[in-house]
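Okay, here's what each chain looks like letter by letter:
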Amino acid sequence: MDEQVNAYIKYLSNLKEISRPKMPKFDIEAYSDNEYKMAINKVLEDYEGVDDFLITLHYLKGE
C-alpha cells in the first residue's frame, strides 16, 4: 500500500501547475438594468419551447 501512495505522490509532484488566465475588467455600469432585463428575457424566450423536464429525464436515464 505504501508503494502505491508513494507512486501517487511522485505522480502528483510531476504535474505542472495550471495558471488561470486573467479575466478582463468589466465596466459594471456599462449597461442599464433595462438592458440586462431585455437580454435575460431574450434568452428565456429562446428556450421557451425546450422541455427541461424531459431533457432531465433523458439525462438521468443515460439516453
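What comes next is a walk through the structure.

Calculation notes
Residues numbered from 1 in each chain as written. Predicted model: local features only at pLDDT ≥ 70, side-chain atom pairs only at ≥ 80, totals over all residues. Heavy atoms only, no water. Helix = DSSP H or I, 4+ residues; strand = E, 2+ residues; numbered from the N terminus. Rg over C-alpha atoms; globule rule 2.2 N^0.38 Å. Areas by Shrake-Rupley, 256 points an atom, 1.4 Å probe, with all protein chains shown as cover. Lys, Arg positive; Asp, Glu negative; His and termini not counted. Charge placed at Lys NZ, Arg CZ, Asp CG, Glu CD. Patch = residues over 30% accessible without salt bridge, like charges linked within 9 Å, V, L, I, M, F, W, Y side chains within 5 Å. Salt bridge = Lys/Arg side-chain N within 4 Å of Asp/Glu carboxyl O. Buried < 20%, exposed > 50% of the residue type's maximum accessible area, 1.4 Å probe, protein only. Expected span 1.5 Å × (residues − 1).

Once that is clear, we can look at the overall build of the protein. Within the protein, the secondary structure is distributed over three helices and zero strands. If you list the helices and strands of the protein from N to C, you get α-α-α. What you see for the protein is a C-alpha radius of gyration of 23 Å, clearly larger than the 11 Å of a compact globule of 63 residues, by over 25%. Considering only C-alpha atoms, the protein reaches an extent of 60 × 40 × 10 Å along its principal axes. Summed over all atoms, the accessible surface of the protein reaches about 7,200 Å², with 58% contributed by carbon and sulfur. Taking the average location of the 8 positive side-chain charges in the protein and that of its 13 negative ones, the two points are 10 Å from each other.

This part is about a nonpolar patch on the surface. On the surface, Tyr8, Tyr11, Leu12 and Leu15 cluster together to form a nonpolar patch covering roughly 440 Å² of accessible area. Counting through the fold element by element, tyrosine 11 comes out in helix α1 (residues 2–14).

Okay, helix α3 (residues 52–61) next. Along α3, only zero of the ten residues are buried, which leaves the element largely exposed. One or two steps after α3, the chain reaches glycine 62, where phi turns positive at roughly 85°.

In this section: helix α2 (residues 33–46). Taking 1.5 Å of rise per residue, 14 residues should cover 20 Å, and α2 covers 20 Å from first to last C-alpha, within 8% of that figure. For α2, the tally of buried residues reaches only zero of 14 residues, placing the bulk of the element at the surface.

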